[in-house]
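Each chain, written out:
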Amino acid sequence: MNNYRLFLTALTSLNRHKLRSLLTTLGIIVGIVSIISVMSIGHGAKYKVKQKIEGLGTNFIIVLGGSPKRLMHSRGGAGNLTITPSDLNAILEECDGITHASPGVQRSFKIVYEGNNWQCLVGGADANYLQIRKWNLTKGYFFTEHDVKTGKRVAIIGKTVKKELFGKINPINKTIRIKNIPFTVIGVLEERGKMPNGMDEDDLIIMPYTTAQKSLMGIHNGNFTAIIISAKKKEIMNQTANEIEAILRQQHKLTPQDENDFTVFTQDDITQASDAATQVLNILLFIIASISLIVGGIGIMNIMLVTVAERTKEIGIRMALGATTQNILIQFILEAIVICIMGGVVGVIIGVLISEFIGIILGWPIFISIKSIIISLISCIVIGLFFGFYPAKKASGLNPVEALIEK
Amino acid sequence: MSLLKTVKLVKTYKMGETIVEALKGISLEINQGEFVAITGSSGSGKSTLMHLLGCLDVPTSGQYFIEDKDVSKMTKNELAKIRNQKIGFVFQKFFLLADLNATDNVALPALYAGIPENEAKKKALSFLELVGLKDRASHYPYQLSGGQQQRVAIARSLINNPAIIFADEPTGNLDTKTGDTIMELFTNLNKERSVTIIIVTHEPDIAIKTKRIIDLIDGQIKSDKKL
């Protein structure tokens, strides 16, 4: 008896119990849907995160005040005020691989415009901030080096701040108040969206760091919490970071036994950290998908055992007509595999639809990989084979006489 | 050379603590072309004997030869092959597969024999024609009367040109008239194609239509008469 005929036999018997076959495949469908959506959404998320990290700036390096350990415990990793202007000068003088560097200070303040107020992050930076962050303005202009030198009270606002404070009003040349000090809005930043950690990048005000230090934060020693840097080339980004580390250790007079009292991150470090986080998430989701597939497989084994019990007489008849143990074994294994593959195909279709739908909702690009579809269908066959084997073995081991006289 | 030969065939079953001796040493010979009835009341062991002769079961002791080959020592798969090639079965309740139409039911043993699908179907059609059911070839069992279903079963039993056909109460589920036509069919098959036919029945009216009656009582042969 050829396999095509056995395949048709499997289809016929599944067709006879449509509802049962459907219910049996549900477990498999759920498992495959989760594999497909996890893989495609995970892929999309990774792409989105990568895009965001690239969006941090051009060959971006950031130096934060405070040891890595300390930063881990401080909220938001804002950094301590331990970076001095002479640190910045030393870096600029001794390090060749840098195109731009800007000091950074930041703190959260309440911003008032007429009757509206809004709490957001206020950052102080240098005039080259936009180049380092690879960012643009949609309206107005950025502050100049002269503005920085003179500590001019001007502010660049993010999209979210604009929306909350101004609504549809043009904010340019309007006056906002922070700690009751007036600042003139001179520019609006292009929309960036949310960071992978959920932080809204557009919920931000940028002003000259000198203004922020003196007028708002009461910093009189000129120290910063951070330096943001743009390296000349991607290839030398990590090397430059190492050089900066060496310069700062010298500047801060650290002995070889001392830990860094600052932290240097490159774009690569952030990419690696986020990859590691995605990896953990993927493993977790993969485990969940595997569990649902195994549960689905057990469901199939259950139903196949019922099917074998129900069809004892048919098995007896087939044996009387000359079916060998292998014929019966293959017939029932094939039936289990066919159920699994049907569940798999339905699961792939639903999984693709769900992924596309989630992609539309989140505004993420969704990549449905052929790999995930192939993996899904292969796991279906493996599950059918594995969980169908025991019931099929039981069927093929029946004694012909006992099977025939079964009531 | 005899077609079938048994030597002191014994079959015992364990039912709980007690051991039931269904067959207590049956020795018989059946030759090519015979038309035999195995009779006996229920519990006489006639069904057990048919299961052993039909290679559906193995004896507890004794020997069984088909065409001088010792069947009692064969493996499961060797027995499956013997059933497929040498033996055809006709059952009281027809035992057609409900999902298959008449042609596919008849073709099934040929498919198990490894005959290609097209050829098997062609063969199946010719045997359906032989039993007078050519016009019912694509009907499913539920669309056929009892007599027609039994004819399909007979066509199925013939498809691999077996040496022996075992029929277990073949008329038991049919009315007398239909039963008679089925018996006629067997008689003709025996006469015209010299197929060896062994009918297991408890009805004397059926047994009398054969040429030899082996009567069993309590697992032993009570009488063996040629008519």
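A brief look at the structure comes next. (Residues numbered from 1 in each chain as written. Chains lettered and ligands numbered in written order. Predicted model: local features only at pLDDT ≥ 70, side-chain atom pairs only at ≥ 80, totals over all residues.)

**Overview of the sheet that holds strand β2 (residues 18-30) of chain B**
Residue and element names in this part refer to chain B. This is how it is decided: Strands qualify as paired when DSSP identifies two bridges or more between them. Here a helix means four or more residues in a row that DSSP labels H or I, a strand means two or more in a row labelled E, and each is numbered from the N terminus.
What the four strands build is an open sheet, ordered β2-β1-β4-β5; its pairing is antiparallel. The open sheet has two free edges, formed respectively by β2 and β5 (69-70), since each of these has just one partner strand. Pairing between strand β4 (residues 61-66) and β5: two bridges, direction antiparallel. Across the sheet, phenylalanine 65 pairs through a bridge with aspartate 70, a residue of β5.

**Considerations on helix α6 (residues 176-192) of chain B**
Residue and element names in this part refer to chain B. To be explicit about the condition: To estimate how far a helix should reach, multiply one less than its number of residues by 1.5 Å. Three classes are used. A residue is buried when 20 or more other C-beta atoms lie within 10 Å of its own, exposed when 12 or fewer do, and partly exposed in between, with C-beta atoms placed from the backbone. This arc is taken over the directions from the axis of the helix to the C-beta atoms.
Taking 1.5 Å of rise per residue, the 17 residues of α6 would be expected to cover 24 Å, and the 24 Å separating its terminal C-alpha atoms lies within 8% of that figure. Every buried residue of α6 is accounted for by Gly179, Ile182, Met183, Leu185, Phe186 and Leu189. Angular distribution of buried residues about the axis of α6 spans 150°; they occupy a single face of the element. Along α6, exposed side chains directed more than 90 degrees from the buried face belong to Thr176, Lys177, Glu184, Asn188, Lys191 and Glu192.

**Brief notes about the interface of chain B and chain A**
Quick note on the threshold: Placing C-beta atoms from the backbone, we regard two residues as in contact once those atoms come within 7 Å. Three categories are distinguished: nonpolar for Ala, Val, Leu, Ile, Met, Phe, Trp, Tyr, Cys and Pro, charged for Asp, Glu, Lys and Arg, and polar for the others, with Gly belonging to the last.
Listed per partner, the contact involves 19 residues of chain B and 18 residues of chain A. Of all the secondary structure elements, the ones that give two or more residues to the side of chain B that touches chain A are α2 (76-86) and α3 (102-112) of chain B. Considering every element that reaches the side of chain B that touches chain A, the biggest residue donor is α2(B), with six residues. Residue composition of the side of chain B that touches chain A, by class: ten nonpolar, three polar and six charged.

**Concerning the sheet that holds strand β9 (residues 212-217) of chain B**
All names here are of chain B. Our working rule: To get an axis, a line is fitted to the C-alpha atoms, and for a helix only the part in contact is used. The angle between two axes follows their N-to-C directions and goes from 0 to 180 degrees.
On the basis of which strands lie adjacent, the open sheet formed by six strands has the order β6-β7-β8-β3-β9-β10 and mixed pairing. Strand pairing shows two members of the sheet lacking a second neighbour, β6 (87-90) and β10 (220-226), which therefore form its edges. Each strand of the sheet is rotated relative to its neighbour by a mean of 20°, with strand direction disregarded. Relative to strand β8 (residues 196-201), strand β7 (residues 164-168) is paired through five bridges, and the arrangement is parallel.

**Thoughts on the packing of helix α10 (residues 267-310) of chain A against helix α12 (residues 325-362) of chain A**
All names here are of chain A. Our working definition: The labels follow the angle: roughly parallel below 35 degrees, roughly antiparallel above 145, roughly perpendicular from 65 to 115, and oblique for the rest. The crossing is said to be left-handed when, going from far helix to near helix, the turn is anticlockwise and less than a right angle, and right-handed when the turn is clockwise.
Contact pair α10 / α12: the axes reach a minimum separation of 11 Å and the direction vectors enclose 140°. Our classification of the angle between α10 and α12 gives oblique. As α10 packs across α12, the resulting crossing turns out to be right-handed. From α10, Ile300, Met304 and Val308 reach across to α12, where they touch Phe332, Ala336, Ile339 and Cys340. In the contact of α10 with α12, the residues fall into seven nonpolar, no polar and no charged.

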